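# Structural overview for review
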Amino acid sequence: MKLYQTYASPFPTRVRLLLYAKGIEAEIVEPPGFHASTESKGEYLRINPIGRVPTLVLDDGRALPESEVICEYLEDAYPEPSLRPTDLWARARMRLLSRICDFYVVMAMVPLFSLSGRSRRHWEPAVVAAAVDRLADALAYLEAYVGEDGYAVGGALSQADGAIAPQLVLASEWIPDLFGTPDPLLRLPRLAGYWRAVQTDPIVARLVAETRQAIAEQQAASRALASRRT
Ligand SMILES: N[C@@H](CCC(=O)N[C@@H](CS)C(=O)NCC(=O)O)C(=O)O
């Protein structure tokens, strides 16, 4: 089995949570055409016509895109240990939290992802402020549904923790550091409490460390590029 992914992207992180928690052996590779790669994405489009990460490739060559779909496949194919609560309401909340991440939290950060790739003179304060406001709204949706017992739902590690963790690294560390904006978790006590508690789980701690390192490497690479341009 092979997982095409990048460590800085939040979507493959939820798939890695399942691989680590279930002890599934998979080769982890960065697809051609991403980040530092000088190759074209064309070769990767033959594996995943959507052209995004992650993609899971089975040993027989069948390829599956879309993080949520991959997680559901892995959960069905490797049921133990389960990363899906047995209680149906908790299971629905797990899916709701993942959906809030995909539909609202990530979408709010998109303008900031775009600005981060441009020089600072293009960082219009109004654009940054609007994105930060929209992000605060999206994080408040997580605040409304996240668990208060150390995990996102059901008092145990689930797919929802893999969805939320990388978003919180971006929202409460990367954005405040880069754009000089306040940490949004200061106004969200329940989400902040969740964030402190869940990082004591060794698998979440590993995912968070991988995400932080990948973001730091990306920032160092863009600083080096910017200094070569000036
Ligand atoms: N809905 C997709 C979203 C995946 C996605 O947008 N991945 C981004 C990275 S965060 C990507 O591959 N973007 C294309 C690129 O960077 O060229 C999923 O859940 O897998």
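A few points on the structure.

What counts, and at which threshold
Residues numbered from 1 in each chain as written. Predicted model: local features only at pLDDT ≥ 70, side-chain atom pairs only at ≥ 80, totals over all residues. Heavy atoms only, no water. Phe/Tyr/Trp six-rings, centres within 6.5 Å; stacked < 30°, edge-to-face > 60°. Helix = DSSP H or I, 4+ residues; strand = E, 2+ residues; numbered from the N terminus. Buried < 20%, exposed > 50% of the residue type's maximum accessible area, 1.4 Å probe, protein only. 1 Å grid on protein atoms, 1.4 Å probe; cavity = no way out; pocket = protein on both sides within 12 Å on 5 of 7 lines; lining within 4 Å. Points joined across faces, edges and corners; volume = space filled by probe spheres on them. Nonpolar A, V, L, I, M, F, W, Y, C, P; charged D, E, K, R; others polar. Salt bridge = Lys/Arg side-chain N within 4 Å of Asp/Glu carboxyl O. Pairing = 2+ DSSP bridges. Axes fitted to C-alpha atoms, helices over the stretch in contact; angles between N-to-C directions.

Evaluated as defined, the whole model comprises seven aromatic pairs. With 5.3 Å between their ring centres and 85° between their planes, Y104 and Y141 make a pair best called edge-to-face. A residue pair is termed long-range when its members are at least 10 positions apart, and Y104 in helix α4 (residues 88-116) and Y141 in helix α5 (residues 125-145) qualify at 37 residues. The partly exposed category is assigned to Y141, whose relative accessible area is 38%. Relative to W174, the ring of F113 lies with its centre 5.7 Å away and its plane at 45°, an arrangement referred to as tilted.

What follows concerns the layout of surface pockets. Here the second largest pocket defines a volume of roughly 210 Å³. Lining the second largest pocket are V132, D133, L135, A136, A171, I175, T181, P182, D183, P184, R187 and L188. Considering only residue class, the lining of the second largest pocket consists of eight nonpolar, one polar and three charged.

It is possible for side chains of opposite charge to pair when their charged atoms get near one another. Inspection of the entire model under this criterion finds eleven salt bridges. Notably, a salt bridge pairs E72 with R95, separated by 3.5 Å at the nearest N-O pair. In this pair, E72 sits in helix α3 (residues 67-77) while R95 sits in helix α4, placing the two residues 23 residues apart along the sequence. Between E210 and R206 there is a salt bridge, and its shortest N-O distance comes to 3.3 Å. Of the two residues, E210 and R206 both sit in helix α8 (residues 202-229), four residues apart, roughly one turn of that helix. Look at E210 and you get buried, because its relative accessible area is 16%. On the basis of relative accessibility, which here comes to 43%, the residue R206 falls in the partly exposed class. When salt bridges that share partners are traced, they join E72, D76, R84 and R95 into one network.

A separate point is the sheet that holds strand β3 (residues 55-57). Across a sheet, strands are paired by hydrogen bonds formed along the backbone, either parallel or antiparallel in direction. Reading across the sheet, the four strands line up as β2-β1-β3-β4 and stay open at both edges, with mixed pairing between neighbours. Since the sheet does not close on itself, it has two edges, and those belong to β2 (27-29) and β4 (63-65), each with one partner. Adjacent strand axes in the sheet meet at a mean angle of 20° when their direction is disregarded. Where β3 and β4 come together, three bridges link them in antiparallel fashion.

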